[in-house]
Amino acid sequence: MAQGITFHLPSRRRFIPYSWLRYSELNQSETELRLHYTHSTVTITGTHLHLLHDAVEHFQLKAVRELASSATLEKFPDATVSRIEIIEKMDD
């Protein structure tokens, strides 16, 4: 079982522990996965993202890398990730 997810972006790498995850949501076309954490929201865009969502539900997703559209993820060969966006939540 993974302790959290490492997000590999072109300019940085960030690890966010699963203990900070509040909930996740996947759109109907399985092209956008949002992970809502206590301090940020991570939006993953790609294809066949239900595979990643299932892995998150079971605390098995360890890393996500932004890849070219023709590349695939090693553990999830049908899924592609074209963009990862991390938005920090502002204190009210």
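Analysis parameters
Residues numbered from 1 in each chain as written. Predicted model: local features only at pLDDT ≥ 70, side-chain atom pairs only at ≥ 80, totals over all residues. Heavy atoms only, no water. Pairing = 2+ DSSP bridges. Helix = DSSP H or I, 4+ residues; strand = E, 2+ residues; numbered from the N terminus. Axes fitted to C-alpha atoms, helices over the stretch in contact; angles between N-to-C directions. Contact = heavy atoms within 4.5 Å. Salt bridge = Lys/Arg side-chain N within 4 Å of Asp/Glu carboxyl O. Buried < 20%, exposed > 50% of the residue type's maximum accessible area, 1.4 Å probe, protein only.

What about the sheet that holds strand β3 (residues 21–26)?
Stage number 1. Ordered by their spatial adjacency, four strands build an open sheet running β3-β4-β5-β7, and the pairing between neighbours is antiparallel. The strands lining the two open edges of the sheet, one partner per strand, are β3 and β7 (80–88). Between one strand axis and the next, the sheet turns by 15° as a mean value, whatever way the strands run.
Stage number 2. As paired strands, strand β5 (residues 40–47) and β7 are joined by eight bridges and run antiparallel to one another. Of the residues in β7, the one forming a bridge with T41 is I87.
Stage number 3. Along the sheet, helix α1 (residues 50–57) makes contact with β3, β4 (32–37), β5 and β7, crossing β3 at roughly 155°.

Comments concerning the sheet that holds strand β2 (residues 13–17)
Stage number 1. Strand order in the open sheet formed by three strands is β2-β1-β6, and the pairing between neighbours is mixed. At either margin of the open sheet sits one strand with a lone partner, and together these are β2 and β6 (63–65). Averaged over all pairs of adjacent strands, the angle between strand axes in this sheet comes to 15°, irrespective of strand direction.
Stage number 2. Sheet topology note: the strand β1 (residues 4–8)/β6 ladder contains three bridges and is parallel. Bridge pairing in β6 places F7 opposite V64.

Quick word on the environment of G4
Stage number 1. Secondary-structure assignment places G4 in strand β1.
Stage number 2. A C-alpha to C-alpha distance of 4.5 Å links G4 and Y18, two positions 14 residues apart in sequence.
Stage number 3. If near-sequence neighbours (up to four positions away) are discounted, G4 is found in contact with F15, I16, P17, Y18, L61 and K62.

A short note on the pattern of salt bridges
Stage number 1. For the coordinates displayed, the defined rule picks out two salt bridges.
Stage number 2. Residues R14 and E88 are paired through a salt bridge, measuring 2.4 Å at the closest nitrogen-oxygen approach. Within this pair, whereas R14 is found in strand β2, its partner E88 is found in strand β7, the two being separated by 74 residues in sequence.
Stage number 3. Relative accessible area serves as the criterion here: at 40%, E88 is assigned to the partly exposed category.
Stage number 4. For the salt bridge of R34 with E32, the shortest nitrogen-to-oxygen distance reads 3.3 Å.
Stage number 5. Residue classification places R34 among the partly exposed residues on the basis of a relative accessible area of 32%.
Stage number 6. By relative accessible area, E32 is classed as partly exposed at 27%.

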